[in-house]
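# Overview (structure and organization)
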Amino acid sequence: KIDFALVAKEAKQEPKYTENPDKAPETSWSGSNYGGQSEETSGVVAILEMVAEDLQGQMSTGRADDAGAQEMFKKEYGTMKETLDKQMAIKLAKEKGLSDVNAQKLDMEEHKDSKSADKGAEAGLEQAIYQDCSWVKTHFNTRRDQRKVEMDGLVEAKGYLAGVESGEEVI
């Protein structure tokens, strides 16, 4: 602990003024012999000079650090910009590829729809042909018999006509 009672005793005493209130008191610093209290102020001045030197040094170091950091930033920024440009190019290529695949998919779907429509039309044609030709199954025998009768009739008619030409008597 600091004893403040001793500090109060060592404190300087105030100068005493003369009795004439209009007259300024005599000073001891008038003349060229006055050295002042240089001992007391030199410590403070030295501290201020040291603070100023430290600030100057910190400012120089800070500027150098900032310049280095700025260079590093520019270098990293350039690298990151190149990476971004490459990634954007890859993205564009992938998007183009995707659009090509989507176009192929759309073409294939249209082709599939066309083939499905063709298949449906073929099924309809098959049904129509089946209906057109199925009567043959049910009417073949009767038509064969009718054709046979017709052929026989034609042979008979031919024979008749052949007989008329030869001069035979026709019944």
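Scope of this entry: the structure provided in the associated data block. (Residues numbered from 1 in each chain as written. Predicted model: local features only at pLDDT ≥ 70, side-chain atom pairs only at ≥ 80, totals over all residues. Heavy atoms only, no water.)

### Some thoughts on the pattern of salt bridges
Using the following cut-off: For this document, the term salt bridge refers to a Lys or Arg side-chain nitrogen within 4 Å of an Asp or Glu carboxyl oxygen. A run of H or I in DSSP becomes a helix once it reaches four residues, and a run of E becomes a strand once it reaches two; helices and strands are each numbered from the N terminus.
Tallied over the full model, the rule gives three salt bridges. A salt bridge links lysine 81 to aspartate 85; the shortest N-O distance between them is 3.8 Å. Linking lysine 81 with aspartate 85, this pair stays in helix α2 (residues 38-166), spanning four residues, or about one helical turn. For aspartate 100, the salt bridge is made with lysine 96, and the minimal N-O distance between the two is 3.5 Å. Taken together, the residues aspartate 100 and lysine 96, both in helix α2 and four residues apart, mark about one turn of the helix.

### Observations regarding a positive patch on the surface
For clarity, the threshold we go by: Each patch is built from salt-bridge-free residues with over 30% relative accessible area, joining like charges within 9 Å and nonpolar side chains (Val, Leu, Ile, Met, Phe, Trp, Tyr) within 5 Å. For the accessible areas, the method is Shrake-Rupley and the probe is 1.4 Å, while residue cover comes only from the protein chains on display. Lys and Arg are tallied as positive, Asp and Glu as negative. Neither His nor the chain termini are counted. For charged residues, the charge sits on one atom: NZ in Lys, CZ in Arg, CG in Asp, CD in Glu.
On the surface, Arg143, Arg144, Arg147 and Lys148 cluster together into a patch of positive charge. Relative to the helices and strands, arginine 143 resides in helix α2.

### Brief notes about the environment of threonine 61
How we decide: Any pair of nitrogen or oxygen atoms within 3.5 Å is treated as a polar contact; in protein, a donor-acceptor pairing is required on top of that, and neighbouring residues in sequence qualify only through side-chain atoms on both sides.
Tracing the backbone shows threonine 61 in helix α2. A polar side-chain atom of threonine 61 sits 2.8 Å from the main-chain carbonyl oxygen of glycine 57.

### Focus on a nonpolar patch on the surface
Rules: Classification of residues uses two cut-offs on accessible area relative to the type maximum, computed with a 1.4 Å probe and protein chains only: under 20% is buried, over 50% is exposed, and between them is partly exposed.
On the surface, Ile47, Val51, Leu55 and Met59 cluster together into a nonpolar patch covering about 350 Å² of accessible area. Exposure remark for methionine 59: the relative accessible area of 38% places this residue in the partly exposed category.

### Observations regarding a negative patch on the surface
On the surface, Asp107, Glu109, Glu110 and Asp113 cluster together to form a negatively charged patch. Note that glutamate 110 resides in helix α2. The partly exposed category is assigned to glutamate 110, whose relative accessible area is 47%.

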